Amino acid sequence: MKKSENIVVGISIGDLNGIGGEIVLKTFEDSRMLDFCTPVIFASSKTMLFLKKQFNSSINFNDINQIDQVVFGRINVLNCWKEPVTIDFGKEDFKIGEYAIKSLQEATKALKNDAIDVLVTAPINKHNIQSEEFNFPGHTDYLAQELGGESLMFMVTDSLRVGLLTDHVPVKDVALKISSELIEKKINTVYDSLQKDFKINRPKIAVLGINPHTGDNGVIGNEDDEVMRPTLAKIKEEGKLVYGPYAADSFFGSNNYKNFDAIIASYHDQGLIPFKTLSFGQGVNFTAGLSKIRTSPDHGTAYEIAGKGVADENSFKEAVFTALQIFKNRFDYERLTENSLKKASKTR
């Protein structure tokens, strides 16, 4: 396995009018970060020098034009464009959205080619990235297409992990999207991730209901009785420790979440409101189920504070550490699995 400092962390710069550049700089101003990894920022040296001056950063960059020029133990900036960029903090700008996508596409290409080991994405604006060439609601869907696998938004901290059956879906469409097949697929993705990425051998998973009070025996909807409960019973018969559906309104307030390795919510706000209430600033958005590792902070562009130098970098820093730990956990899992297969073949 690579030495710690040689694990290459690719960083897509996100929306330059937001707080992404600031939190990236603040994260790596701590020189101890280079004891854990070698960062590669996908942007341009001109852009990063502007940001460095704006935030009075003491960082020194290694300027490169090709990914094979990375210097281990240094903060590398790979030039994805050469022209100067007009940054207007706090403003939505479709031109800035184009640079966010350039950064993401170049970083994803490097990830696919194993030129970087993990990807950490700074926040984007989901509106100004849209174009004829890029028509995705966010990072997750784009990366699922490029990297393959069954992607799942998995919000994680050391003590809390929340996955979603549906993510960026309008509330009016949630029940229509949730099927037995979807529930099985998402639970299997979470189960596999807990084993491979978090070293939990026998995961215990809770699933939250679709309707208030899980439908109250059909009084507030039939989806929990007709779709959710039979599917969970089937999965449990297969040997997985899956429980629910639980009424979402009391699940977190009662501290019941502490009894499980992961919780799967039916829709975005059902899972992310309690997650961010309990762990905002420390949480990490991990895209489980992909062939490669991608994490991001648990917040958005924060236009309202962009450029002011007050953004908190802790969630981005946690995203870096989480990516590194998952990289190591996957390596260990693959090694153990490979050894088990070798032993099994020898005994035949």
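Residues numbered from 1 in each chain as written. Predicted model: local features only at pLDDT ≥ 70, side-chain atom pairs only at ≥ 80, totals over all residues. Heavy atoms only, no water.

(A) Region of interest: the overall build of the protein chain. Assigned secondary structure in the protein chain consists of ten helices and twelve strands. With the C-alpha coordinates of the protein chain rotated into their principal frame, the extents come out at 60 × 55 × 40 Å. Counting across all 348 residues of the protein chain, residues that qualify as buried make up 53%. A separation of at least 24 residues holds for 73% of the contacts in the protein chain among residues at least 6 apart in sequence. (Helix = DSSP H or I, 4+ residues; strand = E, 2+ residues; numbered from the N terminus. Buried < 20%, exposed > 50% of the residue type's maximum accessible area, 1.4 Å probe, protein only. Contact = heavy atoms within 4.5 Å.)

(B) Structural view of the side chain of Thr 38. Along the chain, Thr 38 turns up in strand S2 (residues 38-43). At a separation of 2.9 Å, a polar atom in the side chain of Thr 38 contacts the main-chain amide nitrogen of Gly 73. (Polar contact = N/O pair within 3.5 Å; in protein donor to acceptor, adjacent residues only side chain to side chain.)

(C) The arrangement of the sheet that holds strand S9 (residues 241-246) in detail. As summarised here, the arrangement of the twelve strands in space is S3-S4-S2-S1-S5-S12-S11-S6-S7-S10-S8-S9, forming an open sheet in which the pairing is mixed. Two strands in the sheet have a free side with no partner beyond their single neighbour: strand S3 (61-64) and S9. Sheet twist, expressed as the average angle between the axes of neighbouring strands with direction ignored, equals 25°. With four bridges connecting them, strand S8 (residues 204-208) and S9 associate as parallel partners. Each bridged residue has a counterpart across the sheet, and for Leu 208 the counterpart in S9 is Tyr 246. The sheet strands contacting helix H4 (residues 139-147) are strand S1 (8-12), strand S5 (118-121), strand S6 (149-156), strand S11 (284-290) and strand S12 (293-297), and the helix crosses S11 at an angle near 30°. (Pairing = 2+ DSSP bridges. Axes fitted to C-alpha atoms, helices over the stretch in contact; angles between N-to-C directions.)

(D) Expanded view of helix H6 (residues 180-196). Between its terminal C-alpha atoms H6 stretches 24 Å, which fits the 24 Å expected from 17 residues at 1.5 Å a residue. The set of residues buried in H6 consists of Leu 182, Ile 183, Glu 184, Lys 186, Ile 187, Thr 189, Val 190, Tyr 191, Ser 193 and Leu 194. (Expected span 1.5 Å × (residues − 1).)

(E) Region of interest: the layout of surface pockets. Space inside the largest pocket adds up to approximately 350 Å³. Forming the boundary of the largest pocket are 24 residues, of which Lys 126, Asn 285, Ser 296, Pro 297 and His 299 lie nearest the centre. Taken together, the residues of the lining of the largest pocket sort by class into seven nonpolar, twelve polar and five charged. (1 Å grid on protein atoms, 1.4 Å probe; cavity = no way out; pocket = protein on both sides within 12 Å on 5 of 7 lines; lining within 4 Å. Points joined across faces, edges and corners; volume = space filled by probe spheres on them. Nonpolar A, V, L, I, M, F, W, Y, C, P; charged D, E, K, R; others polar.)

(F) Representation of unusual backbone geometry in the model. Looking along the chain, the bond that leaves Gly 244 and enters Pro 245 is cis, with omega of 0°. Of note in this structure, Lys 199 is not a glycine but carries a positive phi near 60°. Positionally, Lys 199 belongs in the loop between H6 and S8. Looking at Lys 199, the relative accessible area reads 52%, which means it is exposed.

(G) Layout of the packing of H6 against helix H7 (residues 223-237). Relative to each other, H6 and H7 sit at 45°, their axes nearing to 9 Å. If you check the angle between H6 and H7, you find them oblique. In terms of crossing hand, the pair formed by H6 and H7 is right-handed. Contacts between H6 and H7 involve Ser 180, Ile 183, Glu 184 and Ile 187 on the former and, on the latter, Val 227, Met 228, Thr 231, Leu 232, Lys 234 and Ile 235. Its residues assigned to classes, the contact of H6 with H7 shows six nonpolar, two polar and two charged. (Parallel < 35°, antiparallel > 145°, perpendicular 65-115°, else oblique. Left-handed = near helix turned anticlockwise from the far one by under 90°.)

Coordinates in, geometry out; function isn't part of it.
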